[in-house]
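# Examination of the molecular architecture
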Amino acid sequence: MGLFERVFRGSDEMFAKAEADVNALVAELGADAPMTMPETAYFLACVYAYLGKKVTTVGELQAALADVKAMMLREPRTHSIFSSGVGTAIAAELIEACKYARTPTPYEGTAYHGHFTDAEVRELGVPLVTRDIPGFVVMIGPAPSDEEAVETIKGYQSRGIFVFLIGGIIEQAVRMGVSMGFPVRVVPVGEDIWAVGHVISLVVRASFIFGAIEPGDYDAFMDYSMDRIFAFVNAYAPVNDITVACGAGAIKMGFPVITNDTNDMWAVPKSLIIHTDTKDWIETSLEARDIKIKVTNIDIPVAFSSAFEGEIIRKADMQIEADGSRVDCFELVRSKEAHEIEDHAILLDGPDFDEVPVGSKISFTITAEVAGKSMQSDFEPVMERKIHNFFNCIEGIMHTGQRDMIRVRVSKAAFEAGFRARHLGEVLYAKIKSEFDTVVDKCQVKICTVAEKNKDLRAQANEVFDARDERLKTLTDESVEVFYTCILCQAFSPSHVCIVTPERLGLCGAVSWLDAKATNELDPNGPCQVVTKTRCLDERIGRYEDVNEAVQQYSHGALEQVTLYSILEDPMTSCGCFECICGIEPFSNGVVITNREHAGMTPLGMTFSEMASMTGGGVQTPGFMGHGKHFIYSKKFMKAEGGLGRIVWLPKALKEQVRDRLNESAKELYGIDNFADMIGDETVTEDAEELLNFLTEHNHPVLGMDPLL
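The structure reproduced in this document is the subject of the present report. (Residues numbered from 1 in each chain as written. Predicted model: local features only at pLDDT ≥ 70, side-chain atom pairs only at ≥ 80, totals over all residues. Heavy atoms only, no water.)

## Here's the deal with the sheet that holds strand β5 (residues 257-259)
Spatially, 6 strands are ordered β3-β2-β1-β4-β5-β6 in an open sheet, and the strand pairing comes out parallel. Only two strands of the sheet have a single neighbouring strand rather than two, namely β3 (186-190) and β6 (272-274). On average, adjacent strands in this sheet sit at an angle of 20 degrees to one another, irrespective of strand direction. Sheet strands touched by helix α7 (residues 146-158): β1 (136-141), β2 (162-167), β3 and β4 (231-235). Its angle to β1, the strand with the most contacts, is close to 175 degrees. (Pairing = 2+ DSSP bridges. Helix = DSSP H or I, 4+ residues; strand = E, 2+ residues; numbered from the N terminus. Axes fitted to C-alpha atoms, helices over the stretch in contact; angles between N-to-C directions. Contact = heavy atoms within 4.5 Å.)

Here's what the structure looks like:
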């Protein structure tokens, strides 16, 4: 039959399924019935991206069939084989959309994930940029055996690869007890091959969000996925014709397909790879997509990978726990003189994990002492904040919090594998030495589990924390001589540039001014470059000639000027992985802020996803602004338009996170007590007019401010 014929036959089969499902849906619900996918601003993303058409009703879903069919024409054959493959992926999206037209939760109660929300797509932004997630794999199975399925899944997971599962390999993973879900980066998408539509939807929305590509720009979407999204497919034999057709679409997007099926297949270098020894697929796949994995060898008895960062350890699965809210705990980094440190010493004072009863809450402190000719005390908190990431990369370990309010859980499985207290020290030593090698020459780790000693040690640590806080309070935009760029996100948003200042951290929430300073000194040619601030053009809105020159240079001419303190006049661009987004609310003359975790509606009549679609991809959108959570209580927040007194609505959970600091700043700026209580949230209202009534009742300061527009 031949490979081409298999692609066309598979396309025809997928289209026939889509056509039948869509026509049945129209007969059942009517053409005017609404067609929406949950928590996305991009409609049916594949249709919107490749065809440039919004699908909002079942009738429009039916109308899209003709466009999909047109993509599957068989002539000219060399071109249409790939076009037909893309059409197959869109047809898959139509099939899945029919399920969501009937109910927003068609996979509830099953093992399958189904549709990815915009928030989940954005959540991938930072780890993709930092290469904590170096790529994606779509595994279509089943594998030859349950054991091999698990070995391959965990092999990818240990390398940080995000794993999507489709078909029988999901049942294999379930049988073998593999932990799955978005947080651990192993996602069982769906049982049928058309579930691949959800993966392609995620890819094109990444292109929308981070690349600012316009709907209907087919070639631009293909170029973006080829150049910036490192994905590949593993398809186990026997591969049916529909899967072969989907593979043609994957190849068109730049995603190699690795298979052990030899039935009417032929190899295409770097694109279609026939490899019969499935146990070698991991290295073959990474090489095919040019993914380089940086391996850090750490002497611990469990796996270490960024894929475990979202792992949750339930109480029933917990061996021991350290909880700073109940007992004395902390984590601390201190710089010392070289002669005071024995490199790679891991010193444990007190009982180890195997010397306390299962389920114990232990007092636990860990101090990393570092020395180096270029080490500075300003680097201590930067290293300290990384402990959260380091420990969460350990399989079977869960870490939350920082400083003296940490919680660390060790699972029974990790304990049974031999994990002990010293292994936390091994991880801390290895990661500090590898990530901060330009300033750290020696490192030793001290761990104490003696409650009586930790009480005094915690008091000493708090003196260090308090001294740092006092220093940070003196760090204002006016008190420093330079700002910094951050262009980490240009891997996905080529024209985006963050300008990081002491009072405005990077919009991802992960890069403070001290972080940027440290990054610049650790890597002078890296993403954080010095920006002078000697030529201020307008202090009120934060316009600097120096800053404009920097954004022109580092955006490669895409941007001409930005302001640091305005949401209306040349606001800073956004890449797409911002923690929060702010938008003007005209009824109240204020601004509404929502965050990625909040899935509900806002008084703007838009969800986070819909607000976020107004910006991102490195474009300037006056009236909307992406930013980090900590910027909410900054005295420079919207300074040009009146400051944080403009905030009229926040999701309740976010409001509670920033309440104390927000109240403190409002007290200093406006003389207002308990400002957070004047701000609406979803428990008050999601309606703009009702919000205005609430603000009036609480005498919100925005009511006395000049009009924004």
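## Some details on the nonpolar core
Ranked by size, the top nonpolar core spans 211 residues in total, and within it Tyr50, Leu61, Phe164 and Ile394 carry the most contacts. Per-element tally for this core: the top contributor is helix α4 (residues 77-102), with 12 residues. Grouped together as the second largest cluster of nonpolar side chains are 25 residues, Val591, Ile647, Val658 and Phe675 included. (Core = buried A, V, L, I, M, F, W, Y, C linked by side-chain atoms within 4.5 Å. Buried < 20%, exposed > 50% of the residue type's maximum accessible area, 1.4 Å probe, protein only.)

## Some words on the pairing of strand β13 (residues 407-411)
In terms of burial, β13 is largely enclosed, as 4 of its 5 residues are buried. Two strands pair when backbone bridges link them, and strand β7 (residues 318-323) and β13 are joined in this way by 5 bridges, in the antiparallel orientation. Its bridge partner lying in β13, isoleucine 320 is registered against valine 410. Bridge count for strand β12 (residues 397-400) against β13 is 4 bridges, and the pairing is antiparallel. Residue pairing across strands places threonine 400 opposite arginine 407, the latter belonging to β13. A loop of 6 residues connects β12 with β13, the two strands running antiparallel in sequence, and glycine 401 in this loop sits at a positive phi of about 80 degrees.

## Here's the deal with unusual backbone geometry
Between alanine 237 and proline 238 the backbone carries a cis peptide bond, its omega angle lying at -5 degrees. Secondary-structure assignment places proline 238 in the loop between β4 and α11 (241-252). A positive phi angle is found at aspartate 264, which is not glycine, with a value near 50 degrees. With respect to the helices and strands, aspartate 264 occurs in the loop between β5 and β6. The residue histidine 344 is not glycine, and still its phi comes out positive at about 70 degrees. Within the secondary structure, histidine 344 sits in the loop between β8 (329-335) and β9 (346-349).

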